[in-house]
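# Chains, contacts and geometry: an overview
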Amino acid sequence: MDNTEFETVADVVPLYPNSSQLDDIFAELELSLPFVEDNSWGNLLRFTDNLTDPIHRWFLFKEGYSYKLVDKILDRFKLPRNSSAILDPFSGSGTTLLAAQKRGIPSVGLEINPFAVFLGRIKTQWHRIDPEILEKELLLVLQDNKNTPAKLPDLSTLHKKKYFPNGHAYELLRLRNAILHRECSQEIKDILLLALLASIEDVCCLHKDGRLLRFFPRDIIPPKEAMFNRTKIIIEDLVDWVKADSNQENFLPQTHVIEGDSRHLDSILDKHKISHQFGLILYSPPYPNNFDYSEIYKCELWFGGFINSYQEWRNLRLRTFRSHPSCSFPETHYLKDNVDLREIYQLVEKLAKCPDIGEPESKARSRAPKVIRGYFDDVYLMLQQQKLRLEHGGYIVCVVGNSRHGNLHIRADTIIAKIGQEIGLNLVEISVARHRHSRSQQVQKLRESLVIFQKNS
Ligand SMILES: C[S@@+](CC[C@H](N)C(=O)[O-])C[C@H]1O[C@@H](n2cnc3c(N)ncnc32)[C@H](O)[C@@H]1O
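Residues numbered from 1 in each chain as written. Predicted model: local features only at pLDDT ≥ 70, side-chain atom pairs only at ≥ 80, totals over all residues. Heavy atoms only, no water.

What follows covers the overall build of the protein. A tally of helices and strands in the protein yields 17 helices and twelve strands. The globule rule puts the C-alpha radius of gyration for 457 residues at 23 Å, and the 24 Å found for the protein is close to it. The C-alpha extent of the protein, read off along each of the three principal axes, is 95 × 55 × 40 Å. Residues counted as buried form 55% of the 457 residues belonging to the protein. (Helix = DSSP H or I, 4+ residues; strand = E, 2+ residues; numbered from the N terminus. Rg over C-alpha atoms; globule rule 2.2 N^0.38 Å. Buried < 20%, exposed > 50% of the residue type's maximum accessible area, 1.4 Å probe, protein only.)

Put into structure tokens, the structure is as follows:
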């Protein structure tokens, strides 16, 4: 009898493990990895400490970590040489760079979002701002009633009165125009613009909630008052710092914040004539959790004039790490095409094809596989680039969180650790800093970890 007649569907369609079988596969894999539980890092993964620390507090960047994390890492891992510099290839609000600057260590940040680049640059160039001139210019901007804007930026969110009641969107724009028309230095204009952008959350009914801006009706204050309050905090910090040591500017280490895609780190640094390697590469990349930073910071991007059209906004999205499904990214096959990474590729495929990824026909189900494949291809690229720029004996510390898609648990820390090992980095440890509750009862708690590598000395 010809057996092929009795071939079942299971024979022709490969079956992929469900989420609980994947839990077992990962549990076994993780037995061979240097996991340590260390909750002393836990609170340092939040931005909270920065809200009360000079300069760090100028803008609430919710997804940032504490400057104390940088201090703790520098205390624990010795840089290979006295002259070693620090690199943050996802510099966000500039926490790593400012913390490094305060310790006298030179640093470089790379960031794709132009608003975040602006923020990081201003915070690390605080010494160029004269607080007396800033105070004088603030008052002139607040008194300027001439610069009425003709038209709001196109972003539809800014046109909704429910989100920006009492004409607050127009008032914000009027203040922005008043800043642009002042005849003062670029540094003063920039810091005033930052104060204005930091005020957005005080004057509208939108709230940054995970990956979304949500409608959140509440008491809000007028833009002028918000801008006044925000600038006063900046002035207070500048006065305190200047008072602390008027000579410190001469001793500040070099700090660069570069706009660019960290998957092309090496050539971007070359273009900026930065030829050296780094003793510590410390960062938190986007997590594979659907966060799109160009969406979360869209009001700042459009009000700040960093984005002026939907096309520009889309182009920015296309350059971001593939951690979200908000645009149709080109497909790549880096893991697939590399024989040394075959095992990891197969693991990632098991995740992408897991039947528990979401309800059949749901959006999550159709989008998540692309996010998973794109994300780990990007991880491979970023680690490869970082290895090129890491000094012998230097460390990479990657702060990352696991995530959930449907009932599927994506252990980003484990896969990042495996990719790093495969490309020749020594895996020092995976330090589990905290366990977050997942909304789903069926998925284990999600870890946030520090994946720590070292390059051979
Ligand atoms: C978790 S945040 C970093 C926060 C930062 N550690 C801090 O304390 O402010 C991740 C950052 O990666 C940036 N990013 C996304 N894709 C990028 C890319 N391809 N190259 C460089 N930066 C990127 C995002 O814009 C975001 O600011």
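What follows is about empty space enclosed by the protein. Counted under the stated rule, the structure contains two cavities of 30 Å³ or more. Around the largest cavity, the lining residues are Phe59, Leu60, Leu197, Ala198, Ile200, Glu201, Lys208, Arg230 and Glu300. If one sorts the elements of the lining of the largest cavity by residue count, helix α8 (residues 186–203) sits on top with four residues. (1 Å grid on protein atoms, 1.4 Å probe; cavity = no way out; pocket = protein on both sides within 12 Å on 5 of 7 lines; lining within 4 Å. Points joined across faces, edges and corners; volume = space filled by probe spheres on them.)

Once that is clear, we can look at the pairing of strand β5 (residues 212–215). When strand β4 (residues 206–209) meets β5, the two strands line up antiparallel, connected through four bridges. By the bridge assignment for β5, Lys208 is matched with Leu213. The loop that links β4 with its antiparallel partner β5 comprises two residues; one of these, Gly210, has a positive phi angle of about 60°. (Pairing = 2+ DSSP bridges.)

A separate point is the pattern of salt bridges. Under the defined criterion, the tally for this structure stands at 33 salt bridges. Here Glu201 makes a salt bridge to Arg230, at a shortest N to O gap of 3.7 Å. With Glu201 in helix α8 and Arg230 in helix α9 (residues 223–244), this pair connects stretches of sequence that are 29 residues apart. Taking the relative accessible area as the measure of exposure, Glu201 reaches 28% and is therefore partly exposed. Its relative accessible area of 17% is what places Arg230 among the buried residues. Across the pair Arg317 and Asp292 runs a salt bridge whose closest N-O atoms are separated by 2.5 Å. Of this pair, Arg317 sits in helix α13 (residues 310–318) while Asp292 sits in the loop between β7 (278–283) and α11 (293–296), and the two are 25 residues apart along the sequence. (Salt bridge = Lys/Arg side-chain N within 4 Å of Asp/Glu carboxyl O.)

Quick look at helix α7 (residues 168–181) now. The end-to-end C-alpha separation of α7 is 20 Å, in line with the 20 Å expected for 14 residues at 1.5 Å each. Residues His168, Ala169, Leu172, Leu173, Arg174, Leu175, Arg176, Asn177, Ala178 and Ile179 constitute the buried set of α7. (Expected span 1.5 Å × (residues − 1).)

Near the ligand there are 23 residues, and of these Ser93, Thr95, Glu111, Asp261 and Ser262 occur at the shortest range. Between the ligand and the protein, one listed contact pairs an oxygen atom with a side-chain N or O atom of Thr95 at 2.7 Å. At 3.3 Å from a nitrogen atom of the ligand is found a main-chain nitrogen or oxygen belonging to Arg319. When isolated, the ligand has an accessible area of 600 Å², and the protein chains bury 98% of it. For the shell around the ligand, a count of residues per class yields eight nonpolar, ten polar and five charged. (Near = heavy atom within 4 Å. Polar contact = N/O pair within 3.5 Å; in protein donor to acceptor, adjacent residues only side chain to side chain. Areas by Shrake-Rupley, 256 points an atom, 1.4 Å probe, with all protein chains shown as cover. Nonpolar A, V, L, I, M, F, W, Y, C, P; charged D, E, K, R; others polar.)

Quick look at the sheet that holds strand β11 (residues 426–436) now. One open sheet holds the eight strands; their spatial order is β1-β11-β12-β8-β7-β2-β3-β6, and the pairing between them is mixed. On the outer flanks of this sheet lie β1 (35–37) and β6 (255–259), each paired with one strand and no other. Here the strands of the sheet are splayed against their neighbours by 15° on average, with no regard to which way each runs. Pairing geometry for strand β3 (residues 107–111) and β6, over five bridges, is parallel. Looking at the pairing, Val108 lines up with His256 of β6. Sitting on the sheet, helix α3 (residues 67–76) is in contact with β2 (86–88), β7, β8 (390–401), β11 and β12 (446–454), with an inclination near 145° to β7. (Axes fitted to C-alpha atoms, helices over the stretch in contact; angles between N-to-C directions. Contact = heavy atoms within 4.5 Å.)

Quick look at the environment of Gly305 now. Looking at where Gly305 falls in the secondary structure, it is placed in the loop between α12 (298–303) and α13. Remark: the alpha-carbon pair of Gly305 and Asp53, spanning 252 residues in sequence, is separated by 28 Å.

The next point concerns the packing of helix α15 (residues 342–352) against helix α17 (residues 412–422). Remark: α15 packs on α17, axes separated minimally by 11 Å, with the N-to-C direction vectors making an angle of 160°. Regarding the angle of α15 to α17, the classification is roughly antiparallel. Pair α15 / α17 crosses with left-handed handedness. When α15 is examined against α17, the residues Ile344, Val348 and Leu351 are found in contact with a partner set consisting of Ile415, Lys418, Ile419 and Glu422. (Parallel < 35°, antiparallel > 145°, perpendicular 65-115°, else oblique. Left-handed = near helix turned anticlockwise from the far one by under 90°.)

Take the packing of aromatic side chains next. Two aromatic rings are characterised by how far apart their centres lie and by the angle between their planes. Evaluation of the coordinates by the stated rule reveals 19 aromatic pairs. Ring centres 4.8 Å apart and planes at 5° place the aromatic pair Phe61 and Tyr297 in the stacked group. Placement of the pair is Phe61 in the loop between β1 and α3 and Tyr297 in the loop between α11 and α12, with a sequence separation of 236 residues. Ring plane angle 55° and centroid distance 5.2 Å describe the contact between Phe118 and Phe306, whose orientation is recorded as tilted. Separated by 188 residues along the polypeptide, Phe118 in helix α5 (residues 114–124) and Phe306 in the loop between α12 and α13 bring together distant segments of the chain. In this structure Phe306 comes out as partly exposed when scored by relative accessible area, which is 21%. Aromatic rings pair up to connect Phe59, Phe61, Phe115, Phe118, Phe291, Tyr293, Tyr297 and Phe306 into one cluster. (Phe/Tyr/Trp six-rings, centres within 6.5 Å; stacked < 30°, edge-to-face > 60°.)

Let us look at the confidence of the model for the protein. For the protein, per-residue confidence averages 93 on the pLDDT scale, and 93% of positions sit at 70 or higher. Counted against residues more than four places away or in other chains, residues 1–13, with its pLDDT under 50, gives three contacts. (pLDDT = per-residue confidence, 0-100.)

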